[in-house]
Structure formats: structure tokens, C-alpha cells
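# A look at the structure
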Amino acid sequence: MLDNTTKEFMPFHQHHLTNQHTFNQFKLLFNILVSNSSQLHKEQSAISFFSHLIKEDQGKETVIKKSKHNALALARDYITDNFEKNIKIDNIACAAGLSSYYLIHAFRKEFGMTPHAYQLARRINKAKTLLRYGTDIASVAVDLGFTDQSHFHRNFKQIVAATPKQYKDCFA
């Protein structure tokens, strides 16, 4: 695993199972998976086995983790540095060292909006600055990564409560 802050390798903690019962359950799962059992039986067996394994492993740290606050700050900074690009949630999650699911929920809780909403807000704030300086509306839309001018117009109006042209005309 790579720590995106320091770009250094962070090893996983290794622990080996020594529980005979767990090993026997694993062998049973393997036999079910390679048998002609129904797909439902295979899935149910796998879910049951791994649920048991997770419950048994609770409390043990398997990966060196960063603090939640630091990881969310990394996510916010990644969006801030790349808001003009069409970034994916997986890229943000990777930069923060979090799962995509956890990132979305924790980011909303910490900052009051989803990562996508934060990116959109950053784009609209930059658009307002560019429009104040007289930049062409179509150029602003393209430069800030909107798919087209109508996409930009719709999002701008939703956040600013004015169209890009109305906003630009205020500063002309």
C-alpha cells in the first residue's frame, strides 16, 4: 500500500489464522464454491464465511490507518487541486486512502456536502471570478470541465440564482 502523502510504502499488518475451526470452515467454503451447487448457495456460503471471519477479526487492526480528519483534508485538497478536471470518486478516495463509500458519507458529515457538490461549488466560484473579468461564457464552461454550456448554465443558475450572462452583465 502506498501512502499518498509521503509517497512511501506502508506495509499491511500480517496476521495468520491459527484457528482450526476457521480453517475447516474455509475448506468447506472452497468445496461448495467448486461444486455444482446453485449460485445462491455459493453466494450465501461465501457471505456467511466472510461475515464470520470479519466478526472474529473485529478489533484487530489490519491496515495502518490515518486519522479520519487528515484523510478528509487530503480528499478536500485533492478536489481543490483538480476541480477543473473531471475526476472520479475513486481517484479522490485513493488520494485520501479511504473507500469511496466511506469518503462520500464522511465528507458530507465533515463539510456539509458531497465531494461532487464541493467540486461543483469550486467550479462555480472560479466561474464567477472569470466572468467578473469578462471571460466569454462558453470559454468558462469549457475551461472548468463542464460537459457543455447548458450544463454550466444549469449548475451556475442553481447555485448563484442568476444565469452566467446576468451575473456577467452586473460587472460589465
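Located above this text is the structure these notes cover.
Residues numbered from 1 in each chain as written. Predicted model: local features only at pLDDT ≥ 70, side-chain atom pairs only at ≥ 80, totals over all residues. Heavy atoms only, no water.

### Notes on the overall build of the chain
In terms of regular secondary structure, the chain is built from nine helices and two strands. Reading the chain from its N terminus to its C terminus gives the helix and strand order β-β-α-α-α-α-α-α-α-α-α. By residue count, 28% of the 172 residues in the chain fall in the buried class. If you take every contact in the chain between residues at least 6 apart in sequence, the share linking residues at least 24 apart comes to 55%. (Helix = DSSP H or I, 4+ residues; strand = E, 2+ residues; numbered from the N terminus. Buried < 20%, exposed > 50% of the residue type's maximum accessible area, 1.4 Å probe, protein only. Contact = heavy atoms within 4.5 Å.)

### Focus on the packing of helix α6 (residues 115–132) against helix α8 (residues 149–160)
One can describe the packing of α6 onto α8 by two numbers: an axis separation of 10 Å at closest approach and a directional angle of 95°. Judged by the angle between their axes, α6 and α8 are roughly perpendicular. Facing Leu 120, Ile 124, Ala 127, Lys 128 and Leu 131 of α6, the residues of α8 in contact are Phe 152, Asn 155, Phe 156, Ile 159 and Val 160. Taken together, the residues that form the contact of α6 with α8 break down as eight nonpolar, one polar and one charged. (Axes fitted to C-alpha atoms, helices over the stretch in contact; angles between N-to-C directions. Parallel < 35°, antiparallel > 145°, perpendicular 65-115°, else oblique. Nonpolar A, V, L, I, M, F, W, Y, C, P; charged D, E, K, R; others polar.)

### As for the environment of Gln 25
You can see Gln 25 is positioned in helix α1 (residues 20–34). In this structure, the C-alpha to C-alpha distance between Gln 25 and Ser 45, residues 20 residues apart in sequence, is 9.8 Å.

### Thoughts on unusual backbone geometry
Look at Ala 161: it is not a glycine, yet its phi comes out positive at around 70°. Note on placement: Ala 161 falls in the loop between α8 and α9 (164–169). Here Ala 161 falls in the exposed class, since its relative accessible area comes to 69%.

### Remarks on the packing of aromatic side chains
In this description, an aromatic ring pair is defined by two values, namely the gap between the centres and the angle between the planes. As enumerated under the stated definition, the model contains seven aromatic pairs in all. When the centroid spacing of 5.1 Å and the interplanar angle of 55° are considered together, the rings of Phe 146 and Phe 152 count as tilted. Classification of Phe 152 as buried rests on a relative accessible area of 0%. One aromatic cluster in this structure is built from Phe 146, Phe 152, Phe 156, Tyr 167 and Phe 171. The residue whose ring lies beneath Arg 122 is Phe 83, and the NZ or CZ to ring-centre distance is 5.4 Å. The ring of Phe 146 has Arg 123 sitting right over it, with the charged end atom 5.3 Å from the ring centre. (Phe/Tyr/Trp six-rings, centres within 6.5 Å; stacked < 30°, edge-to-face > 60°. Lys NZ or Arg CZ within 6 Å of the ring centre and 35° of its normal.)

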